[in-house]
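Read off the chains here:
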Amino acid sequence: MKKISLFILALLISTELLYAQQALLQSGPMVGYATFKEVMLWVQTKEAAQVHVVYFNTQKPQERLQSAKHTTKAEQAFATHIPVAVTEGQQYQYELYINDQKVVLNHPLTFQSQTLWQHRKDPPAFRFVFGTCAYVNEPEVDRPGKPYGGEYGIFEQIRAKKPDFMLWGGDNVYLREVDWDTRSGILHRYTHTRSLPEAQALLGSVHHYAIWDDHDFGPDNSDASFWMKETTLEAFKLFWANPNYVDATYGTFFWNDAQFFLLDNRYFKTAPDSKTTEPTILGEAQFQWLVQALKYSKAPFKFVVMGGQFLNNSPNCLDAAWCENYLRHTAERQRIIDAIRDEGITGVIFLTGDRHHSELSVLTEGVNYPLYDLTSSPLTSGGAGERGRNEGNTLRVPDTYYGERNFAVLDISGERLDRRLNITLFDNQGKQLWQHQIKANELK
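Thresholds applied
Residues numbered from 1 in each chain as written. Predicted model: local features only at pLDDT ≥ 70, side-chain atom pairs only at ≥ 80, totals over all residues. Heavy atoms only, no water. Helix = DSSP H or I, 4+ residues; strand = E, 2+ residues; numbered from the N terminus. Rg over C-alpha atoms; globule rule 2.2 N^0.38 Å. Buried < 20%, exposed > 50% of the residue type's maximum accessible area, 1.4 Å probe, protein only. Contact = heavy atoms within 4.5 Å. Areas by Shrake-Rupley, 256 points an atom, 1.4 Å probe, with all protein chains shown as cover. Pairing = 2+ DSSP bridges. Axes fitted to C-alpha atoms, helices over the stretch in contact; angles between N-to-C directions. Core = buried A, V, L, I, M, F, W, Y, C linked by side-chain atoms within 4.5 Å. Right-handed = clockwise from strand over helix to strand, strands pointing away.

Visitor: Describe the overall build of the chain, with residues and values.
Guide: A count of helical and extended segments in the chain gives eight helices and 21 strands. Radius of gyration (C-alpha) of the chain: 22 Å, near the 22 Å computed for a compact globule of 444 residues. Once the C-alpha set of the chain is aligned to its principal axes, its extents read approximately 85 × 55 × 40 Å. Here the chain holds 444 residues, and the buried ones make up 58% of them. Intrachain contacts of the chain at a sequence separation of at least 6 include 69% that bridge at least 24 residues. Surface accessibility of the chain: about 18,800 Å² in total, with carbon and sulfur atoms responsible for 53%.

Structural data, given as structure tokens:
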């Protein structure tokens, strides 16, 4: 009898410890970048705690591996990055431990390493999701009236498409007036958004890369003059796990044979009507890096990812507050187009957001090949509805406009010298809206 009582007591203590550590989890874990030899994980706790992961190759579940132990700190919003060593071309499962106690979650935790295909075989087919504008309501500080965010089930719809990774194209966080002026406010907003329950399964089982736009950088339509940009830059790097930052938030990554160029359209941006300095979005250093990096790349598809639309030529976008795009910086926009043409850079496709509607635009004049711009917006923010349908973008591919919540799935497949990109737009219930295919050989 005494032995049974001790066993029950031990079980109760063990269960209490288990749920105590689970209660310390604020958000995540999230899977960040993947390379051949390393994957980055991310997690946030509610107070200072020691965290680590145990993981295993799904083909060798008996060989359990463990990351280093990291202590979360208040000055870093109790968030931390956990790098793990991997072998190329493998699938893994992992477990999160807080204070040496396993955290039991009701969704799978998985990641993968990239495949070493070069000089060996055709590059593997892969799938990624692109989306922008994710508003998470907080009624106490939101504008009065109808909630601006909603239908968060879209994140489960995205996970159901089984992408290899998700690419967040900006406005992934919406800083409010109460957030802009303090570090604590900025970190609160990032924490509040990242803690959305409906997003946790997606965060924990799919790789994530990100850029920012105005709302996760600062106020609406903000530029380089934003007084807290060093703090929002710190928050961006703290809450995302991109593989590199050349400067500010811009950088690049590969997935199989595709290369992604993640641009920063805020940190260096000046007013489009500036009289005392050359109007710019990228700044000279980022512009030169982009051109040289594109020219160096051998990827059949080179995805240039930026927060605002690049090709949309609607005259409304020259002055309307709700239509801020690259047309306002016409000279730099043309300079980029000319550089792609004159340098003989192949395979460029722009991925953009911001506009709260989706569409596919294509430029065919003054270029060496059709230059596409896929806009996907919004995820959970308010949709533009019919507002943008007749705004005058003459470059829009017919029947690709959609003004409600949505996401784009991009599939790349085919033999090495005959790669194909298939773009499919889905509504927030996972219903297909339209599809468009682009062959790499057409972008030369």
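So much for the structure itself; the text now carries on.
Visitor: An account of the sheet that holds strand β17 (residues 359-363) is needed here, citing residue identities and associated values.
Guide: Strand order in the open sheet made by the six strands is β13-β14-β15-β16-β18-β17, with mixed pairing throughout. Where the open sheet ends on each side, the last strands, each with one partner, are β13 (251-255) and β17. On average, each strand axis in the sheet is inclined to that of its neighbour by 20°, with strand direction left out of account. As paired strands, strand β16 (residues 348-352) and strand β18 (residues 371-375) are joined by four bridges and run parallel to one another. Along β18, the bridge assignment pairs I349 with Y372. The strands touched by helix α8 (residues 330-342) within the sheet are β16, β17 and β18, with β16 carrying the most contacts at an inclination of about 155°.

Visitor: Would you mind going over the nonpolar core in detail, with residue names and values included?
Guide: Ranked by size, the top nonpolar core spans 125 residues in total, and within it F111, F155, L167, F260, F303, L351 and L410 carry the most contacts. A total of six residues in this core trace back to one element, the largest contributor, which is helix α7 (residues 284-296). What F260 contacts, discounting residues up to four positions off in sequence, is F128, F165, L167, G251, T252, F253, W255 and F303.

Visitor: Any details on the pairing of strand β11 (residues 165-169)? Residues and values, ideally.
Guide: By the criterion of burial, β11 is predominantly enclosed, with five of the five residues buried. Taken together, the four bridges between strand β10 (residues 126-131) and β11 define a ladder with parallel strand orientation. Each residue of the ladder has a partner; that of F130, found in β11, is L167. Assessed by its sense of winding, the connection that carries the chain from β10 through helix α2 (residues 154-160) to β11 is right-handed. Two strands pair when backbone bridges link them, and β11 and strand β12 (residues 207-211) are joined in this way by five bridges, in the parallel orientation. Residue pairing for β12: W168 is matched across the bridge by A210.

Visitor: Which residues make up unusual backbone geometry, and what are the values?
Guide: Leave glycine aside and you will find that most residues have negative phi; peptide bonds, for their part, are mostly trans. Cis geometry is found at the peptide bond from G28 to P29, where omega equals 0°. Counting through the fold element by element, P29 comes out in strand β1 (residues 25-34). A cis amide bond links S377 with the next residue in sequence, P378, at an omega value of 0°. Note on placement: P378 falls in the loop between β18 and β19 (406-413). At C133, a position not held by glycine, the phi torsion is positive, near 70°. Topologically, C133 is positioned in the loop between β10 and α2. In this model, N256 sits at a positive phi of 50°, which is unusual for a non-glycine residue. Relative to the helices and strands, N256 resides in the loop between β13 and β14 (258-262).

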